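So you can see what is in the structure, the chains are spelled out below.
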Amino acid sequence: MKRRAYGAAVAVAALLASAACSASHTDDSATQAGARQRTVRPVEGCGAKSWTDPADLSPTRAPARCDSGAPAPKPLPKTRKLTIATGTLSAEYVAPLEVALDKGEFKKEGLDVTLKVLPTPDALPLLAKGDIDALWAAPEAAVMNGIRGGFDIKWVAGNFSPAAGSKSGLWVRLKKGESAASVPMAGRTLGTMIGKGSVIAYPMQKALASHGGGLDRIQYRQLGSADVLTALQNGGVDSAWLLDPVWRNVDGKPGYAFLGGQPQGEPLGGMLYGRSLLNGDVDAGVALLRAYIRTVNTYFASDYKADAAFVTYLAKLLKTDGTILKSTPSLRMDWEIRAGTTTRLQSAYAAQGAVQGGDPLPEAKTVDRSLYEEAVGHTP
């Protein structure tokens, strides 16, 4: 299983490198210069609280916020069709995109958006070639390998961090005589949507450290989003990374233990852009983030699950069990990207052997905050 997971990562990296060679794109310095030359103006409703210092890693950091309905739409002169790939449409972290689509927030910007379900390994080569415009996922190891191969893919906006009461993270089936305080993880199987090279490697590294596991001492099993929980419950895997609200299905039940989750206050995923929105049509790239940010500010600014009617609406939109959705705390939706996250991720990928050799890629190669900063009117 380790060989298959690693082989998949190598195959994706090869496809990305091939796409990079065939695609015409500007070099990184030219792209950064172009972004700096764009005029950033103050945005009504987005004041001092619409931006936080990326270096602030405090778990209690209040996420950036504008007023409800802000930033206001700035329709493009001509409708632009965009395709955003996502691994699932049922996970709660995808809710802002689905609400934006359902409430017409993208349309207000002159965007005709399609959400397309594609696993990240399948979507990355399409993003590299420009066949899709954006990917709602995370800066996985395959992304780092593609960037190292020469292609312009950047993480341009965050998605969420867990609430203090969340148990989204690493869950394990306990064997006889084991407890949450002592679960030897070496040699056990882990079910995950991405497999080896996923961003969960970073928080897992911390969780496994106290249980004798280590990222190089467990076996990865890549599963579909709907199969991860099932595999854990029926014994197909020994452990799994369960998201909100899926973990509620095993919380409090005998035989399961929660070992640790994503750091609070630090998003590990969100929106990734390829050349079409980074270089080809930056106006559309900013418009897309503006619609996303406005949706967060209007519908997800605080404890959105305190509104029973909205939870019912959300459950229907996500096609999930409303009772389970209500049983977990609201996610802290957060469009910003913390400083050093991609460096910490690459360290974890290296421990798995999932990234190509060499020094970690600098943040200038992996992250571009300029588009969401422009959307809220912040000048660095």
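See above for the structure.
Residues numbered from 1 in each chain as written. Predicted model: local features only at pLDDT ≥ 70, side-chain atom pairs only at ≥ 80, totals over all residues. Heavy atoms only, no water.

Undergrad: Kindly report on the overall build of the protein chain, identifying the contributing residues and their values.
TA: Helix and strand content of the protein chain: 15 helices and twelve strands. In terms of overall dimensions, the protein chain is globule-like: its C-alpha atoms have a radius of gyration of 20 Å, near the 21 Å expected for 380 residues. By its C-alpha atoms, the protein chain is 65 × 50 × 35 Å across when sized along the principal axes. For the protein chain, buried positions account for 54% of its 380 residues. (Helix = DSSP H or I, 4+ residues; strand = E, 2+ residues; numbered from the N terminus. Rg over C-alpha atoms; globule rule 2.2 N^0.38 Å. Buried < 20%, exposed > 50% of the residue type's maximum accessible area, 1.4 Å probe, protein only.)

Undergrad: Can you lay out the environment of Val-296 for me, pointing to particular residues and giving the numbers?
TA: As for its position among the elements, Val-296 is in helix α10 (residues 282-299). Along the backbone, Val-296 and Gly-158 are 138 residues apart, and their C-alpha atoms lie at a distance of 12 Å. Aside from chain neighbours lying at most four places away, what touches Val-296 is Arg-65, Pro-96, Ala-301, Met-333 and Trp-335. (Contact = heavy atoms within 4.5 Å.)

Undergrad: Provide a residue-level description of unusual backbone geometry, including the pertinent values.
TA: Most peptide bonds take the trans configuration, and most residues that are not glycine carry a negative phi. Here the amide bond leading from Ala-70 into Pro-71 is cis, since omega sits at -5°, within 30 degrees of zero. Of note, Pro-71 is situated in the loop between α2 (28-37) and β1 (80-86). The residue Lys-319 is not glycine, and still its phi comes out positive at about 55°. Residue placement: Lys-319 occurs in the loop between α11 (308-318) and α12 (322-326).

Undergrad: Before we move on, can you summarise the pattern of salt bridges with the specific residues and values?
TA: Counted by the stated rule, this structure contains 18 salt bridges. Between Arg-38 and Asp-283 there is a salt bridge; the shortest N-O distance is 2.8 Å. Pair noted here: Arg-38 is in the loop between α2 and β1 and Asp-283 is in helix α10, with a separation of 245 residues, a long-range link. The partner of Glu-374 in a salt bridge is Arg-38, with the nearest N and O atoms 2.8 Å apart. With Glu-374 in helix α15 (residues 370-376) and Arg-38 in the loop between α2 and β1, this residue pair connects regions lying 336 residues apart in the sequence. Among the residues examined, Arg-38 registers a relative accessible area of 24% and is labelled partly exposed. One salt-bridge network, held together by shared partners, links Glu-105, Lys-108, Glu-109, Arg-290 and Arg-294. (Salt bridge = Lys/Arg side-chain N within 4 Å of Asp/Glu carboxyl O.)

Undergrad: Outline the packing of helix α3 (residues 95-102) against α10, listing residues and values.
TA: It is the contact of α3 with α10, at a shortest axis distance of 9 Å, that shows an interaxial angle of 95°. Classed by the angle they form, the pair α3 and α10 counts as roughly perpendicular. On α10, the residues that touch Pro-96, Val-99 and Ala-100 of α3 are Tyr-292, Thr-295, Val-296 and Tyr-299. Partitioning the contact of α3 with α10 into residue classes produces six nonpolar, one polar and no charged. (Axes fitted to C-alpha atoms, helices over the stretch in contact; angles between N-to-C directions. Parallel < 35°, antiparallel > 145°, perpendicular 65-115°, else oblique. Nonpolar A, V, L, I, M, F, W, Y, C, P; charged D, E, K, R; others polar.)

Undergrad: Outline the sheet that holds strand β8 (residues 219-222), supporting the account with residue identities and numerical values.
TA: On the basis of which strands lie adjacent, the open sheet formed by five strands has the order β8-β7-β9-β6-β10 and mixed pairing. Single-partner strands in this sheet number two, and they are β8 and β10 (256-261). Across this sheet, the average inter-strand angle for adjacent strands is 25°, counted without regard to direction. Of the strand pairs in this sheet, strand β6 (residues 169-173) and strand β9 (residues 239-242) are connected by four bridges, and their pairing is antiparallel. Bridge pairing in β9 links Val-172 to Ser-239. (Pairing = 2+ DSSP bridges.)

Undergrad: Residues and numbers for the sheet that holds strand β4 (residues 154-158), please.
TA: Taking strand neighbours across the sheet as the criterion, the five strands line up as β2-β1-β3-β11-β4 in an open arrangement whose pairing is mixed. Of all strands in the sheet, those bounded by a partner on one side alone are β2 (111-117) and β4. Within this sheet the neighbouring strands show an average axis-to-axis angle of 25°, counted without direction. Here β1 runs beside β2; their pairing, made up of seven bridges, is parallel. When the sheet's bridge partners are listed, Ile-84 is paired in β2 with Leu-115. In the packing of α3 onto the sheet, contacts are made with β1, β2, β3 (134-137) and β11 (270-273), and the angle to β2 comes to roughly 140°.

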